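Chains, contacts and geometry: an overview
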Amino acid sequence: IKLPDCFSVGFARQEVTPTIPYSNFAGGTSTEYHDPITATVVALSDGEDVALICSADIRAADENLVNMLKNIAEECFDIPRDHVILNVTHNHNGPNIGNDYPEIQAWYDFMKKTFPVLILDALNDCAPATAFGGKAYTEGLNFVRRYIMCDHNWEMNPSYSRRFEVMAAESKADNEMRVIKFQREGKKPVCLVNWQCHAASAHGSTFHSGDTSHLSTADFVHKFREGAEKEYGILFAFQQGAAGNLVASHRHAELSRCRTEARADEHPYEAHGRLLVPVLGEALKNMQPLNTGKLRVNHKDLFLSFKQVDPKTLANALDYWETEGNRNDPEKLAKLEKYGLEHYECNCIIKVYRKLPETGKTCPFTAISFGDIGIAAVPYEMFDRNGIEVRESSPYKMTFTLSYTDGANSYIPSYWAFTHGSYEAYSCMFEPG
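Here goes a summary of the coordinates provided.

Cut-offs applied
- Residues numbered from 1 in each chain as written.
- Predicted model: local features only at pLDDT ≥ 70, side-chain atom pairs only at ≥ 80, totals over all residues.
- Heavy atoms only, no water.
- Axes fitted to C-alpha atoms, helices over the stretch in contact; angles between N-to-C directions.
- Helix = DSSP H or I, 4+ residues; strand = E, 2+ residues; numbered from the N terminus.
- Parallel < 35°, antiparallel > 145°, perpendicular 65-115°, else oblique.
- Contact = heavy atoms within 4.5 Å.
- Nonpolar A, V, L, I, M, F, W, Y, C, P; charged D, E, K, R; others polar.
- Buried < 20%, exposed > 50% of the residue type's maximum accessible area, 1.4 Å probe, protein only.
- Pairing = 2+ DSSP bridges.
- Core = buried A, V, L, I, M, F, W, Y, C linked by side-chain atoms within 4.5 Å.
- Disulfide = S-S within 2.5 Å.

Time to look at the packing of helix 7 (residues 311-321) against helix 8 (residues 330-339). At a minimum axis distance of 9 Å, the contact between helix 7 and helix 8 shows a crossing angle of 170°. Put simply, helix 7 runs roughly antiparallel to helix 8. Every residue of helix 8 that contacts helix 7 at N316, D319, Y320 and W321 is listed here: K332, K335, L336 and Y339. Split into classes, the residues belonging to the contact of helix 7 with helix 8 amount to 4 nonpolar, 1 polar and 3 charged.

As structure tokens, then:
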């Protein structure tokens, strides 16, 4: 493949919807096709070296899928593994990756054939490009999901019926949308869009609007992508940001815009994507030129220590969890009070610590830069506060902070969450710090 001897950008996208029915992360089975699940590859070249910024409308990318992509890039196209990242949107209605379901295993086989085609198409599509960066801000479309209640305890997503007990949100949600536009010679522009919000707005319980967990959909990302490409004549690649503590709905004193402004013929997640399109338009209006220099990649497999659980706490959690009855059963409630634990906490302790070895594991962290452009790629669900700190300390004019990259089966909570307790802190596998 002959690439231009200057900075160039290529783009490729393909539908990768699994065969219906399939098990999804929303806890149900997708039985009805509603809109396509896709995979995208953006190739960035400085004229000598190449980086591949890949994304997919799925819940997580396990080690099998990540290694499959990186191995194909290295073995078939001589692109170093560290130059390849796979960011996912964390779509809860996508295939439940990492499980042994037959349809998921068949989907892995399909992706093994799809990845080489996507990479080849993106490389062949490379054209000389100049870069521009812009920002815009959303309102009423993403919210922090953890609140301090009037009893001074925190609660994740308190119901609308408890709205008068809410004292304050943990923090203000990060609502900054960052956009890099690559203007290409003789071809459509390519836009990388970095924003942060849990891609769970298609989940029926989020909006109390009926069960939509049976839909095969890419959630708000599809309608956002579809509307943006039609409105602005661009090729669109969504890069999910730090969204570990964010949601699309507001279950408290107000409801989110994607619920209140949904049209009669729209699912709320479709309204969510539609309402993001004009925000992107604002970012495109305030574009500033960005320098594109030599590709630089800094990849580190950092060793993170697993948390240690007090044996008594683990025993208490097991005792609670093995007690018959639902979470509101008087005997179970009495045990929570006796042990000073919460239902979510027991749930996470059991889920996490039945699987963990004793020490820790290495986790991939990658930074990629081209001149004024910096991309920080982090595994797992990073909190938006952490993403903001990375962005504010970055020396680059345009910095993307990506979560759910090259692995996504735990959390990276903020210091506040670790010290005050939260579902995400309970289920995080790693020691604070």
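Taken across its 5 residues, strand 21 (residues 373-377) has 5 buried, putting it largely inside the fold. Burial along strand 21 is two-sided: the face carrying I373, I375 and A377 and the face carrying G374 and A376 are both buried. Connecting the antiparallel pair strand 20 (residues 360-370) and strand 21 is a turn made up of 2 residues, with G371 showing a positive phi of about 60°. Looking at chain direction, strand 21 and strand 23 (residues 398-402) are connected through 5 bridges and run parallel. Note on strand 23: the bridge partner recorded for I375 is F400.

Now for the nonpolar core. L52, I58, L65, I79, W107, M111 and I119 are the most contacted members of the largest nonpolar core, which totals 43 residues. Those elements that place two or more of their residues in this core are strand 5 (38-45), strand 6 (50-56), helix 1 (63-77), strand 7 (84-88) and helix 2 (102-124). Setting aside anything within four residues of it in sequence, one finds I58 in contact with I37, L65, V88, T89, H90, N91, P95, I97 and W107. The next biggest cluster of nonpolar side chains, apart from the first, holds 28 residues, and it includes C346, I350, C363 and Y380.

Take the state of the cysteines next. With the rule as written, the count across this model stands at 0 disulfides. Unpaired in this structure, C363 has its nearest cysteine sulfur neighbour in C428, at a distance of 9.4 Å. Judged by relative accessible area, C363 falls into the buried class, the value being 0%. On the accessibility criterion, C428 (2% relative accessible area) is buried.

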